[in-house]
Amino acid sequence: MFDYTIEDAQRILKSFDSSELRLDSHVLENWFERDVDFDYIFECLSDKMLLGISKTMENRFKLIYPHKKLKTKDFYIIIEIDDFEKITVKTVYSFSKMRRRRDNERK
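Residues numbered from 1 in each chain as written. Predicted model: local features only at pLDDT ≥ 70, side-chain atom pairs only at ≥ 80, totals over all residues. Heavy atoms only, no water.

**As for the overall build of the chain**
We count it as follows: Under the DSSP-based scheme used, a helix requires at least four consecutive residues in state H or I and a strand at least two consecutive residues in state E, with every element numbered from the N terminus. A radius of gyration in this sense is built from C-alpha atoms; the matching globule rule multiplies 2.2 Å by the number of residues raised to 0.38. Each residue is placed in one exposure class: buried if its accessible area under a 1.4 Å probe, protein chains only, is under 20% of its type's maximum, exposed if it is over 50%, and partly exposed if it falls in between. Working rule for contacts: check all heavy atoms of both residues, and any pair within 4.5 Å makes them a contact. In this count, Lys and Arg are taken as positive residues and Asp and Glu as negative ones, while His and the chain termini are left out. A charged residue contributes its charge at one atom only: NZ of Lys, CZ of Arg, CG of Asp or CD of Glu.
The secondary structure content of the chain amounts to four helices and five strands. Counting from the amino terminus, the chain carries its helices and strands in the arrangement α-β-α-α-β-β-β-β-α. Relative to the compact-globule value of 13 Å for 107 residues, the chain shows a C-alpha radius of gyration of 13 Å, a close match. With the C-alpha coordinates of the chain rotated into their principal frame, the extents come out at 35 × 35 × 20 Å. The buried share of the chain, taken over its 107 residues, is 36%. Look at the contacts in the chain between residues 6 or more apart in sequence, and 47% of them connect residues 24 or more apart. Averaged over its 21 positive side-chain charges, the chain has a centre that lies 8 Å from the centre of its 21 negative ones.

**Topic: the sheet that holds strand β5 (residues 87–96)**
Rule in force here: The rule for pairing is simple: two strands pair if DSSP sees at least two bridges between them. Fitted lines through C-alpha atoms give the axes, limited to the stretch in contact for helices. The angle between two N-to-C directions lies from 0 to 180 degrees.
Strand order in the open sheet formed by five strands is β1-β5-β4-β3-β2, with mixed pairing between adjacent strands. A single partner strand is all that each edge strand has here, and the edge strands are β1 (22–23) and β2 (52–57). One ladder, built from five bridges, connects β2 with strand β3 (residues 60–66); its direction is antiparallel. Bridge pairing in β3 links K55 to F61. Contacting β2, β3, β4 (73–81) and β5, helix α1 (residues 6–15) runs over the sheet at an angle of about 120° to β2. Against the sheet, helix α3 (residues 38–46) engages β1, β3, β4 and β5, with an angle of about 75° to β4.

**A closer look at the layout of surface pockets**
So the rule is basically this: Grid points spaced at 1 Å and placed over the protein atoms alone form the basis of the search, with a cavity being a set where a 1.4 Å probe fits but cannot get out and a pocket an open set showing protein on both sides within 12 Å along at least five of seven lines. Lining residues have an atom within 4 Å of a point. Grid points are joined across faces, edges and corners, and a volume is the space filled by probe spheres set on the points.
The space that makes up the second largest pocket amounts to roughly 150 Å³. In this structure, the second largest pocket is lined by R34, D35, V36, D37, Y40, H67, K68, K69, L70, F75 and S94.

**Considerations on the pattern of salt bridges**
The following threshold applies: We define a salt bridge as a contact between a side-chain nitrogen of Lys or Arg and a carboxyl oxygen of Asp or Glu at a distance within 4 Å.
All told, the structure shown has eight salt bridges when counted by the stated rule. For R11, the salt bridge identified is with E85, shortest N-O distance 3.2 Å. With a gap of 74 residues between them, R11 in helix α1 and E85 in the loop between β4 and β5 connect regions that are remote in the sequence. Given a relative accessible area of 31%, E85 falls into the partly exposed group. Residue E20 is joined to K86 by a salt bridge in which the shortest nitrogen-to-oxygen separation is 2.5 Å. Of this pair, E20 sits in the loop between α1 and β1 while K86 is found in the loop between β4 and β5, placing the two residues 66 residues apart along the sequence. The class for K86 is partly exposed, based on a relative accessible area of 28%.

From the geometry alone we can't say anything about function, so treat these as descriptive.
What follows is the structure in structure tokens.
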């Protein structure tokens, strides 16, 4: 299994085909509870400015985008990339912008 870097993930995100994007069962099972807008996931990955990216484990990345509705929150998308550069969304959730700002201050 190939182990992608953050730079690899950014390159793959720039050229991915949204019709090939896969959603993990976890996303589908929790969409109502987490108020997930599936169209916004696709929009983020293809059009929105990425606010942050970090590698959380082998081939898994945490992407941070602006929240669609709330100015005080960020929208997190956790993705996994397979050996064929196909992207699976593992989970999505919202979290306070302050978390990202505190993380940036620590660096």
